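Analysis of the macromolecular model
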Amino acid sequence: MSPEDTTSQVQPETLLGAWESAFEKFRDALQRSDFAKDYLTETRGLTPETITKFRVGYAPDNFHLLTNERFVEEEGYSLETLKQAGLAKQSESGAVYDTFRNRIVVPVMNQDGRIIGATGRDLSSDKKVPKYINGSETPIYSKRNNLLGLSHARKTIRDNGQAIFVEGAFDVLQAHQQGYTQVIAPCGTALTSEQLDLVDKLGNQGDIEKILMFDGDSAGLASMERLCREHLGRGLKVVLISGDPDELLRKPYGKESLDSDIAFASQGGLEFIVHRALNARGDKLVPALEDKLLILQGLQPSFKSLAPEKRGLYTGELSKLLDLPSEDIHSFFYPNPSSSASSGKLNNVFWQSQFIRILFTLAKQERATNSLTHLVQYCDSLNIRPLLTMPEAKAAFTYIEHHIQDLPYTELDTPLFGNSAMSRVCGQIEQQARTQLDSEVLQKLFDSSLIAYPARGEKSLSQDLLNTAIAELFKHSIHQGIGESYHRKKMSLEDLSNLNLQIKRGKGHGKKTN
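Residues numbered from 1 in each chain as written. Predicted model: local features only at pLDDT ≥ 70, side-chain atom pairs only at ≥ 80, totals over all residues. Heavy atoms only, no water.

A short note on the nonpolar core
Ranked by size, the top nonpolar core spans 61 residues in total, and within it W19, L40 and I104 carry the most contacts. Residues in contact with I104, not counting those within four places in the same chain, are A36, Y39, L40, V56, G57, Y58, T119, G120, R121, L123 and F170. In terms of nonpolar packing, the next biggest core, distinct from the first, is built from 40 residues, A153, I273, L296 and I329 among them. (Core = buried A, V, L, I, M, F, W, Y, C linked by side-chain atoms within 4.5 Å. Buried < 20%, exposed > 50% of the residue type's maximum accessible area, 1.4 Å probe, protein only. Contact = heavy atoms within 4.5 Å.)

In structure tokens, the structure reads:
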């Protein structure tokens, strides 16, 4: 074969041949290097059979193992071919040198088992050198359209209906050696929709179970969460492990531990996202509604990208995870375009209760800071502004923001609500938004308050602030009679429970406020 014209596009078959010839050199170099062999067998615990099966090689610390006259003449591949294949690079001065040097090289193969690229692990102790490098994009190698190990894992994935994605080449090698022949990995890129398509095509109508099993450190967890959000509709699952798969499988009883994790400890991608978000908001026995709102807001891009036929499935799952009505979650992500702020009502039961709870939270913060001027700042700190997506809730927030400085005084020197400025703000919001609270809203509010707050140990909130605030808002609601009677005395949890029962039984309904 004669060297090619350096200005022309090299044919794919020639590039494939260059990679095959290069790995013959890498394999020969591995056999000659005790240092490289010891790293693979002793440090990484790989058997000669695994090394041979995956055609692992060694690129010695030599700038010109491939880019030398002898290799070019004997193999018939020009320097331009080596560059276009990703096996060589060119410096600013024009010198051409090998891409992989002093590295263990693991080949990436196409679906036919032919080498199209590689990933290389540095064997030096130089911290300035990247630990891993990946072959560049070439006419025969698109990183987003290929997976390391897929040519070996294809049959198992098809037969067993399961694929496990890991992060690194050595995770793949060790997993296959231990019998997990369904393990594959992206190489040089995050997991892409094209790679998921490759796996789904191995099953019937996309029924392949796709599991993420990345490193258990913060970076690995964050990567899995990001992928679950980005590919929400693809049915990804997550297995949580300590360390990385390679290290785990080299430990005593590591395989038994991983068997158990895969069989019993996997969780759906949406469940993983929600649990991570709730943990980030604090260790709470019962999550606050504000926490749930933040989670919903963070999931908006993922849910809006869902295909219409999958929306019901994921909305239902999220409803169970957050203990919120599925129809309300659906209206949050997919609002009815015909809704209008001119109605002056919070017609949605869920949003009425959310809005009231946010007012209570703001009031609690207001008492602590003792200044109404912090109200808007507190809204921004909680990122509440974008969460109140219902037109009426937006109008109410805008009213607070625009009228807060118009109040006659700013210091709360009177009891919370009662005759205070905060009471007037709440009352004006109620009038401005024309919110009509119905019994279902109040039942939900009472039930969540009675269950959640005592369990969290916030007795002062449940017995003082919350009770007084509810009574004050009752004065502006359809339950005017009940609100007035309970507003004049301190409400214990027993009183609140009795009041809740009255509402559920439909007693004591007063006149609607216009």
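Observations regarding the pattern of salt bridges
Applying the stated rule across the entire model yields 18 salt bridges. Residues D200 and R234 are paired through a salt bridge, measuring 2.9 Å at the closest nitrogen-oxygen approach. With D200 in helix α8 (residues 193-200) and R234 in the loop between α9 (218-230) and β10 (236-238), this pair connects stretches of sequence that are 34 residues apart. Judged by its relative accessible area of 13%, D200 is buried. (Salt bridge = Lys/Arg side-chain N within 4 Å of Asp/Glu carboxyl O. Helix = DSSP H or I, 4+ residues; strand = E, 2+ residues; numbered from the N terminus.)

Comments concerning the packing of aromatic side chains
Going through the model one piece at a time under the given rule, you end up with seven aromatic pairs. Note on F23 and F26: the rings are 5.1 Å apart at their centroids and 85° apart in plane angle, and the pair reads as edge-to-face. Pair noted here: F23 and F26 are both in helix α1 (residues 12-32), with a separation of three residues, about one helical turn. Considered together, F23 and F26 belong to a single accessibility category, that of buried residues. Taken together, the aromatic side chains of W19, F23, F26 and F100 make up a single cluster linked through ring pairs. The ring of F170 carries the charged tip of R44 above its face, separated from the ring centre by 4.1 Å. Of note, R101 hangs over the ring of F63, and the distance from its end group to the ring centre comes to 4.2 Å. (Phe/Tyr/Trp six-rings, centres within 6.5 Å; stacked < 30°, edge-to-face > 60°. Lys NZ or Arg CZ within 6 Å of the ring centre and 35° of its normal.)

Quick notes on the packing of α9 against helix α12 (residues 269-280)
It is the contact of α9 with α12, at a shortest axis distance of 9 Å, that shows an interaxial angle of 125°. What the angle tells us is that α9 and α12 run oblique. In terms of crossing hand, the pair formed by α9 and α12 is left-handed. Across the interface between the two elements, L221, A222, M224, E225, C228 and R229 of α9 pack against G269, F272, I273 and R276 of α12. Class assignment for the residues of the contact of α9 with α12 results in six nonpolar, one polar and three charged. (Axes fitted to C-alpha atoms, helices over the stretch in contact; angles between N-to-C directions. Parallel < 35°, antiparallel > 145°, perpendicular 65-115°, else oblique. Left-handed = near helix turned anticlockwise from the far one by under 90°. Nonpolar A, V, L, I, M, F, W, Y, C, P; charged D, E, K, R; others polar.)

So, the pairing of strand β7 (residues 162-165)
Sheet faces and side chains relate simply in a regular strand, where the side chains alternate between the two faces. Across the two faces of β7 the burial is the same, with Q162 and I164 and A163 and F165 all buried. Pairing analysis gives four bridges linking β7 to strand β9 (residues 209-212), with the strands arranged parallel. Across the sheet, residue F165 finds its bridge partner in β9, namely L212. Between the parallel elements β7 and strand β8 (residues 183-184), the chain passes through helix α7 (residues 169-177) in a crossover that is right-handed. (Pairing = 2+ DSSP bridges. Right-handed = clockwise from strand over helix to strand, strands pointing away.)

What to know about the sheet that holds β9
Sheet architecture is open: five strands sit in the order β8-β7-β9-β10-β11, paired in mixed fashion. Two strands in the sheet have a free side with no partner beyond their single neighbour: β8 and β11 (267-268). Relative to β11, β10 runs antiparallel, the two sharing two bridges. Its bridge partner being in β11, K237 is matched across the sheet by G268.

As for the environment of E49
Following the sequence through the fold, E49 ends up in helix α3 (residues 48-53). Between the C-alpha atom of E49 and that of Q177, which follows or precedes it by 128 residues, the distance is 8.7 Å.

Re the sheet that holds strand β6 (residues 132-134)
Pairing within the open sheet is antiparallel, and its four strands lie in the order β1-β4-β5-β6. Each edge of the open sheet carries a strand with a single partner, namely β1 (57-59) and β6. The average undirected angle you get between the axes of adjacent strands in this sheet is 30°. Where β1 lies against strand β4 (residues 103-109), three bridges are found, and the strand directions are antiparallel. Across the sheet, the residue bridging to A59 is R103, located in β4.

Everything listed here is a matter of coordinates, which is why it stays silent on function.
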